[in-house]
Amino acid sequence: MAERALNETIPVRPDERLDTERLLRYMRAHLELPAGDLAVEQFPSGHSNLTYLLRIGAWEAVLRRPPLGPVAPKAHDMERECRLLSALHPVFPRAPKPYVFCADPAVIGSTFYIMERLHGVVLDEHWPAELPLQPEICRRITEGAVDTLVELQGVDWRAAGLVEMGHPEGYLKRQVEGWLGRYERAKTDELAEMVPLARWLTDDLPVSPPAVLIHNDFKLNNMMLDPGDLGHVVGVVDWEMSTLGDPLADVALMLAYWTEPADAAELDLKSVTMLPEFPGRRDVLELYARRSGRDVSQINWYLGFSFFKIAVICQQIYFRWKTGQTKDPRFQGLGPVAISFIRRANGLSHSNAF
């Protein structure tokens, strides 16, 4: 069974190439490798860190580095991400195992780390043509995603040595202040909806339940599924924003990306979950509530905040494109997408149910 597009590679984009000779010298000094030349390809998906496939014969690994151009302070911290995975992998094996962190930017032009390559089916916008599309399979995928989140939230982060990965006290307040600040720094247009949205997010802040380790980008296309059993999640990737905080933050972000048919036109956001065979957002939330035992009565606020965070991410990337920090043509249309997400978030502030 073939892996899907998000787990496939392309030739490295010309402006994102690595110095393979220097990289191979570094790798041979720090890793046990087979003889042979280094082949490098690129994973084309994602709008943040750059991810490469490294091959020497049958040996494979994945390299992660920050994006090109200026980055926000404390963002894209490769050393922190590598430390987190080192502590998390032994207790949550779905997180990839890191091999080595490089702090010397002279090797490839930035810090980076190398980790194991995971194999699995990645579901994004389109259902794989070679897979049967059946409600039972889609239900199993949904259960697998929710159960994986519940398992992650059950990790004893103190015992795992993850205490330094966040400051749970005051998490939501800092998050709201931080994301509002990021939006202001990346703003390119004035938007009337931002005034009531910022007020709602600030004034209606929920009281958080006990802290858990949160992924902060937990969504279906950041999971790899077992080709023989799509209900079994074999890997969870993209841990760069992981921290300690409110468990409902991950729930809401998963729901934000768990698209329904109306989202395609309104938000320009697509996922296989739009197919009628998949459970909807409300069903996913009810499943999470049963499996976790948590109170989800304030999910509207969390979902609104999640839509706003997605808007800010889109806006930051669009800002980088508009100011010439990147020339990637994929980023040109993200400005209007950010506006759509802000309007959806603001709409939730006036609704009793999403």
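Residues numbered from 1 in each chain as written. Predicted model: local features only at pLDDT ≥ 70, side-chain atom pairs only at ≥ 80, totals over all residues. Heavy atoms only, no water.

**Thoughts on the pattern of salt bridges**
It is possible for side chains of opposite charge to pair when their charged atoms get near one another.
Item 1. Taken as a whole and judged by the stated rule, the model has 24 salt bridges.
Item 2. Note that E240 and R64 form a salt bridge whose closest N and O atoms lie 3.6 Å from each other. With E240 in the loop between β8 (229-236) and β9 (243-245) and R64 in strand β3 (residues 59-65), this residue pair connects regions lying 176 residues apart in the sequence.
Item 3. The class of E240 is partly exposed, set by a relative accessible area of 21%.
Item 4. Overall, R64 belongs to the buried group, its relative accessible area being 3%.
Item 5. The salt bridge involving E143 is made with R291; its shortest N-O contact spans 3.8 Å. Of the two residues, E143 sits in helix α3 (residues 135-153) while R291 sits in helix α8 (residues 281-292), which places them 148 residues apart along the sequence.
Item 6. Here R291 falls in the partly exposed class, since its relative accessible area comes to 38%. (Salt bridge = Lys/Arg side-chain N within 4 Å of Asp/Glu carboxyl O. Helix = DSSP H or I, 4+ residues; strand = E, 2+ residues; numbered from the N terminus. Buried < 20%, exposed > 50% of the residue type's maximum accessible area, 1.4 Å probe, protein only.)

**Looking at the packing of aromatic side chains**
Item 1. Under the criterion given, the structure shown has nine aromatic pairs.
Item 2. Residues W301 and F305 carry aromatic rings whose centres are separated by 5.4 Å and whose planes lie at 35 degrees to one another, so their mutual orientation is tilted. Remark: F305 and W301 occur in helix α9 (residues 299-322); sequence separation between them is four residues, near one turn of the helix.
Item 3. Plain terms: the ring middles of Y318 and W321 are 6.0 Å apart, the flat faces sit at 25 degrees to each other, and that makes the pair stacked. (Phe/Tyr/Trp six-rings, centres within 6.5 Å; stacked < 30°, edge-to-face > 60°.)

**Things to note about the packing of α3 against helix α6 (residues 247-257)**
Item 1. In the contact formed by α3 and α6, the axes pass within 11 Å of each other and the chain directions differ by 160 degrees. It follows from the interaxial angle that α3 and α6 lie roughly antiparallel. As α3 packs across α6, the resulting crossing turns out to be right-handed. Contacts between α3 and α6 involve V146, L149, L152 and Q153 on the former and, on the latter, P247, D250, V251 and M254. (Axes fitted to C-alpha atoms, helices over the stretch in contact; angles between N-to-C directions. Parallel < 35°, antiparallel > 145°, perpendicular 65-115°, else oblique. Left-handed = near helix turned anticlockwise from the far one by under 90°. Contact = heavy atoms within 4.5 Å.)

**With respect to the pairing of β3**
Two faces belong to every sheet, and in a regular strand the side chains alternate between them.
Item 1. Of all seven residues in β3, six are buried, a share of seventy percent or more.
Item 2. Looking at chain direction, strand β2 (residues 50-56) and β3 are connected through seven bridges and run antiparallel. Pairing of R55 across the sheet is with E60, part of β3.
Item 3. Counting the residues in the hairpin turn of β2 and β3 gives two residues, including G57, whose phi is positive at 65 degrees.
Item 4. Where β3 lies against strand β5 (residues 112-115), three bridges are found, and the strand directions are antiparallel. Bridge pairing links V62 to M115 in β5. (Pairing = 2+ DSSP bridges.)

**Comments concerning the side chain of S110**
Item 1. Looking at where S110 falls in the secondary structure, it is placed in the loop between β4 (98-102) and β5.
Item 2. A polar contact of 3.4 Å, which involves the side chain of S110, links it to the side chain of R65.
Item 3. Not counting the four nearest positions on each side in its chain, S110 is found in contact with R65, P66, D104 and P105. (Polar contact = N/O pair within 3.5 Å; in protein donor to acceptor, adjacent residues only side chain to side chain.)

**Quick notes on the sheet that holds β3**
Item 1. Strand order in this open sheet of five strands is β1-β2-β3-β5-β4, and the pairing throughout is antiparallel. Sheet topology places β1 (39-42) and β4 at the edges, where each strand pairs with a single neighbour. Sheet twist, expressed as the mean angle between neighbouring strand axes with direction ignored, is 25 degrees.
Item 2. Pairing geometry for β1 and β2, over four bridges, is antiparallel. Paired with Q42 across the strands is Y52, a residue of β2.
Item 3. Here helix α1 (residues 20-30) sits on the sheet and contacts β1, β2, β3, β4 and β5; the angle it forms with β2, its principal contact strand, is near 70 degrees.
Item 4. Along the sheet, helix α2 (residues 78-88) contacts β3, β4 and β5; its crossing angle with β4, the most-contacted strand, is approximately 155 degrees.

**Here we look at the nonpolar core**
Item 1. In this structure, L88, W127, I141, L162, W239 and F308 are the most contacted members of the largest nonpolar core, which totals 93 residues.
Item 2. Top element by residues in this core is α9. It accounts for 13 residues.
Item 3. When neighbours within four sequence positions are excluded, I141 is seen to be in contact with L123, W127, L220, L225, L230, G231 and F278.
Item 4. With 23 residues, the next largest nonpolar core counts L54, A61, L63 and V107 among its residues. (Core = buried A, V, L, I, M, F, W, Y, C linked by side-chain atoms within 4.5 Å.)

**Looking at the environment of V12**
Item 1. Here V12 lies in the segment before α1.
Item 2. By relative accessible area, which is 15% here, V12 ends up buried.
Item 3. Separated by 29 residues in sequence, V12 and E41 place their C-alpha atoms 5.4 Å apart.
Item 4. If sequence neighbours within four positions are ignored, V12 has contacts with R17, V40, E41, Q42 and Y52.

**Brief notes about the packing of helix α5 (residues 194-203) against α9**
Item 1. Orientation of α5 relative to α9, taken along the N-to-C sense of each, is 130 degrees, at an axis distance of 11 Å. What the angle tells us is that α5 and α9 run oblique. When the axes of α5 and α9 are compared, the crossing they make is left-handed. Contacts between α5 and α9 pair M194, L197, W200 and L201 from the former with N300, W301, G304, F305 and F308 from the latter.

This is a description of form; function is not addressed.
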